[in-house]
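Read off the chains here:
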Amino acid sequence: MQRQKFHITAQKGWINDPNGPVFYKDYYHVFFQYHPYSTQWGPMHWGHVRSKDFVKWEYLPVALTPGDEIDKDGCFSGSAAVVGERLYLMYTGVVNRDGKCFQSQCIAFSDDGVRFEKYPKIVIGRDLLPEGFSPCDFRDPCVFEKDGAFYALVAARKGDSSDILLFRSPDLRNWQCKGPVLDYPSTGKMIECPCWSEKEKLLLYSDQFSLPKGAEHLNIHSNFYRAGTLDCAAAKFSTEKEGIVDYGFDFYAAQFFANTEKAVMIAWMQMWDRNIPCRNEGFAGMLTLPRYVENRNGAFYQTPVSLEKYAYSSERFEKRNFAGTIETKGKIYELIIEGKGVKKFVLEVKKSDTETTKIEIKEGFLVFDRSQSGERIDGAEKDELSLAHIRKMPLNDAENPDMHIAVDRFSVEIFSEGKAMSNTVYPKADADGVTLNVAAEFIVMKLNRLNFS
Ligand code: FRU
């Protein structure tokens, strides 16, 4: 069976959001929304993997299984916190009753990072919701410790709009609502998966049916960041700058790792309301490569974690005007590119006689085209670019580009100028050619051929 090699997928079944990414007892742990019994979304479990280096992941037993009184119908997304020697997970327990889906916040804990025990009571229930907020869209707690207290940011809907509620607790069990924090509303219908980095002063959230802004936020549901300050005493977030987190087709529910020195982010590399061709391979859904994130004067700046140690062979090219083939000798590799005086740049990957995935610099944009990438992916998006299977990322300096491209069996992630584009592709097995067509003063390219066996 064909598989992603350096991205988190399920062994079988369905996955969506990353949950509770955390560094705990020598490992980076990632949990994820998981339905082990089919390649469709179903009653949510928390799948679990861990890694020493963000790249090679080891499967662990399912951490949370739904079915208790507090989470009879699902363990939805959430986060993790390390308190002393103990790892805590905070998640949304789902209970369906009278045709409605009730959501409340629950906790579980572990002392070895492998086996988890649920605390049997709801810790943030509907009784703590401020007036007007719905108990049916009240989910995805982001828990963190600050100044000797615990806080949780929880997404909640109020009428046709939504906000992020801040809760405070002395002990993770007894909570009190401090109020909604956003200084202005989102453009979508329901905020999901809020996440706060105190270190970088960055708030992440996903937004269902958010409105497009030019060539940005074209995905039917999109990820946003806000750079600013979170005043926990006043329960107010003041936004200094906001923007898109990733310009690609497949990126949602991004989360920061807890308990790491630098801010590291991981997201679901997929989108709701689209067909997912890898279902034929027995799994559906994958996560992105983790990325280091910095707040650079309000700009969201991300760079991928290193794959270097998995390079079994490397080559360095220097090209001026060039049109030809790059021998990657396999389906998984990374390309690190720097250019000067670039007039033309067309890189085609995953190429065969009938298929190609195109990365081009055009009119100041990095343009990603998966219209001929293999199995067709159709979504709910109806704008021109989406229908043409194209995404665009603006470049500040298109003539002197820097690029880092990570190619796995079913994905192409492109990083440039601290921005990123994450995309899935489903080519046939024989589509593994690479060609480059450039006109430039020079292009320097490092190719790392990767091996993970
Ligand atoms: C986001 C989301 C979350 C929810 C989870 C359910 O993709 O809808 O809001 O907790 O997925 O699987």
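Quick caveat, the model's predicted, so the values are computed rather than measured.

Conventions used here
Residues numbered from 1 in each chain as written. Predicted model: local features only at pLDDT ≥ 70, side-chain atom pairs only at ≥ 80, totals over all residues. Heavy atoms only, no water. Helix = DSSP H or I, 4+ residues; strand = E, 2+ residues; numbered from the N terminus. Contact = heavy atoms within 4.5 Å. Pairing = 2+ DSSP bridges. Axes fitted to C-alpha atoms, helices over the stretch in contact; angles between N-to-C directions. Buried < 20%, exposed > 50% of the residue type's maximum accessible area, 1.4 Å probe, protein only. Phe/Tyr/Trp six-rings, centres within 6.5 Å; stacked < 30°, edge-to-face > 60°. Lys NZ or Arg CZ within 6 Å of the ring centre and 35° of its normal. Salt bridge = Lys/Arg side-chain N within 4 Å of Asp/Glu carboxyl O. Near = heavy atom within 4 Å. Polar contact = N/O pair within 3.5 Å; in protein donor to acceptor, adjacent residues only side chain to side chain. Areas by Shrake-Rupley, 256 points an atom, 1.4 Å probe, with all protein chains shown as cover. Nonpolar A, V, L, I, M, F, W, Y, C, P; charged D, E, K, R; others polar.

S.K.: Is there a simple way to explain the side chain of T424 in this structure?
M.R.: Position of T424 relative to the elements: it lies in strand β31 (residues 419-424). Filtering out sequence-adjacent residues up to four positions away, T424 remains in contact with D250, M269, Q270, M286, R370, I377, F410 and S411.

S.K.: When you look at the sheet that holds strand β17 (residues 252-256) in this model, what are you seeing that I'm missing?
M.R.: Where strands meet in a sheet, backbone hydrogen bonds hold them as pairs that are either parallel or antiparallel. Spatially, β17-β18-β20-β21 is the arrangement adopted by the four strands of the open sheet, whose pairing is antiparallel. Either end of the sheet is taken by a strand with one partner, and the two such strands are β17 and β21 (299-304). Across the sheet, the mean angle from the axis of one strand to that of its neighbour is 35 degrees, orientation sign disregarded. Two strands pair when backbone bridges link them, and strand β18 (residues 264-268) and strand β20 (residues 291-296) are joined in this way by two bridges, in the antiparallel orientation. The partner of V264 across the bridge, within β20, is Y292.

S.K.: Help me understand unusual backbone geometry in this model?
M.R.: A negative phi angle characterises most non-glycine residues, just as the trans form characterises most peptide bonds. One non-glycine residue, D98, lies in the positive phi region at around 50 degrees. Assignment of secondary structure puts D98 in the loop between β6 (86-97) and β7 (100-110). Backbone geometry places D147, a non-glycine residue, at a positive phi of 50 degrees. Summarising the element assignment, D147 is placed in the loop between β9 (133-146) and β10 (149-158). Accessibility expressed as a relative area gives 72% for D147, which makes it exposed.

S.K.: Just to check I follow, could you spell out the packing of aromatic side chains for this structure?
M.R.: Here the distance between the centres and the angle between the planes together describe a pair of aromatic rings. Enumeration according to the criterion identifies 24 aromatic pairs in this entry. Three or more aromatic residues joined by ring pairs make a cluster, and in this case those are F23, Y28, F54, F257 and Y292. The side chain of R296 reaches across the aromatic face of Y301, ending 3.6 Å from its centre.

S.K.: Any chance you could explain the environment of C232 here in plain terms?
M.R.: Of note, C232 is situated in the loop between β15 (221-231) and β16 (236-244). Among the residues examined, C232 registers a relative accessible area of 4% and is labelled buried. Counting along the chain gives 66 residues from C232 to L166, while the straight-line C-alpha distance between them is 7.7 Å. C232 has contacts with F144, K146, Y151, L166 and K178, leaving out every residue within four places of it along the chain.

S.K.: Just to check I follow, could you spell out the sheet that holds strand β25 (residues 344-351) for this structure?
M.R.: A sheet is described by the order of its strands in space; here six strands give the open sequence β23-β32-β25-β26-β27-β28, paired in antiparallel fashion. Looking along the sheet, the strands with just one partner apiece sit at the ends: β23 (322-325) and β28 (390-394). Neighbouring strand axes in the sheet, compared pairwise and without regard to direction, differ in orientation by 10 degrees on average. Alignment of β25 against strand β26 (residues 357-362), held across five bridges, turns out to be antiparallel. Its bridge partner lying in β26, F345 is registered against I361.

S.K.: Explain the pairing of β6 here, please?
M.R.: Regular strands have side chains that alternate between both faces of the sheet. When you tally the buried positions in β6, you get nine out of twelve residues, the bulk of the element. Bridge count between strand β5 (residues 74-83) and β6: nine bridges; the pairing is antiparallel. Of the residues in β6, the one forming a bridge with F76 is T92. In this antiparallel pair of consecutive strands, β5 and β6, the connection spans two residues, and G84 shows a positive phi of 60 degrees. Relative to β7, β6 is paired through eleven bridges, and the arrangement is antiparallel. When the sheet's bridge partners are listed, Y91 is paired in β7 with C106. Linking β6 to β7, which pair antiparallel, is a turn of two residues; within it D98 sits at a positive phi near 50 degrees.

S.K.: Before we go on, may I ask you to explain the pattern of salt bridges in this structure?
M.R.: Pairing between side chains becomes possible if they bear opposite charge and their charged atoms approach one another. Tallied over the entire structure, the rule returns 31 salt bridges. When the shortest N-O distance is used, the salt bridge between E192 and R139 registers 2.7 Å. You can see E192 sitting in strand β13 (residues 190-197) and its partner R139 sitting in strand β9, a full 53 residues away along the chain. Residue E192 shares its accessibility class with R139, and that shared class is buried.

S.K.: I would appreciate a short explanation of the site of the ligand in the present structure.
M.R.: In the region of the ligand, the neighbouring residues are N16, D17, Q33, W41, M44, F76, S77, R139, D140, E192, Y252 and W272. Contacts to the ligand include S77, whose backbone N or O atom sits 3.1 Å from an oxygen atom. R139 has a polar side-chain atom sitting 2.8 Å from an oxygen atom of the ligand. Within the complex, 96% of the 320 Å² of free accessible area of the ligand lies under protein. When residues of the shell around the ligand are traced back to their parent elements, those giving at least two are β1 (13-24), β5 and β9. Here the shell around the ligand is built from residues that sort into five nonpolar, three polar and four charged.

S.K.: Would you mind showing me how to read the side chain of Q302 here?
M.R.: Secondary-structure assignment places Q302 in strand β21. Reaching out from Q302, the side chain makes a polar contact with the backbone oxygen of V245 at a distance of 2.7 Å. Beyond its immediate stretch of four places on either side in the chain, Q302 contacts V245, M265, R291, Y292, V293, F415, G418, K419 and A420.

No statement about biological role is implied by the geometric values presented.
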